[in-house]
Amino acid sequence: KLNPTIVIECKGFEATGSKLTDVIGDVLKIIEAKTSQSFFFLVTDGRGWHRRTSDLQKLVDFHTHGQIDMIYTRQRINELGIAVQRILKESQ
């Protein structure tokens, strides 16, 4: 609990507005708290991102800089399961 191997943050939005910007703050808190041995995955989706592309771009930038290991959508959620299984298998 104090030193997780895998951290998964899930956010889904149908509305636009400041809640999408709040995701950035939530993600930054996780980035600051996680260790270099932790994997951080973000699952997010929803039509709200179409109007908040600058906030979505910030999340993509975190991924590009290695601060988020991968960003998943509902369409790719099974890939998250595969990644988690691989990490758990390799850690045994």
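You'll find the structure just up there.
Keep in mind the model is a prediction, meaning the values are calculated, not measured. (Residues numbered from 1 in each chain as written. Predicted model: local features only at pLDDT ≥ 70, side-chain atom pairs only at ≥ 80, totals over all residues. Heavy atoms only, no water.)

Draft legend 1. Region of interest: the packing of aromatic side chains. One pass over the full model with this rule turns up 2 aromatic pairs. An angle of 15° between the planes, with centres 6.4 Å apart, marks the rings of Phe39 and Phe41 as stacked. For Phe41, a relative accessible area of 3% puts it in the buried group. (Phe/Tyr/Trp six-rings, centres within 6.5 Å; stacked < 30°, edge-to-face > 60°. Buried < 20%, exposed > 50% of the residue type's maximum accessible area, 1.4 Å probe, protein only.)

Draft legend 2. Representation of the nonpolar core within the structure. Among the nonpolar cores identified, the biggest contains 15 residues, and Val27, Phe40, Leu59, Phe62 and Ile68 are the most heavily contacted of them. Counting only elements with at least two residues in this core, the list comes to α1 (18-33), β2 (39-45) and α2 (53-64). No other element matches α1, which puts 6 residues into this core. Core analysis: the second largest hydrophobic core is formed by 7 residues, Val43, Tyr72, Leu80 and Ala83 among them. (Core = buried A, V, L, I, M, F, W, Y, C linked by side-chain atoms within 4.5 Å. Helix = DSSP H or I, 4+ residues; strand = E, 2+ residues; numbered from the N terminus.)

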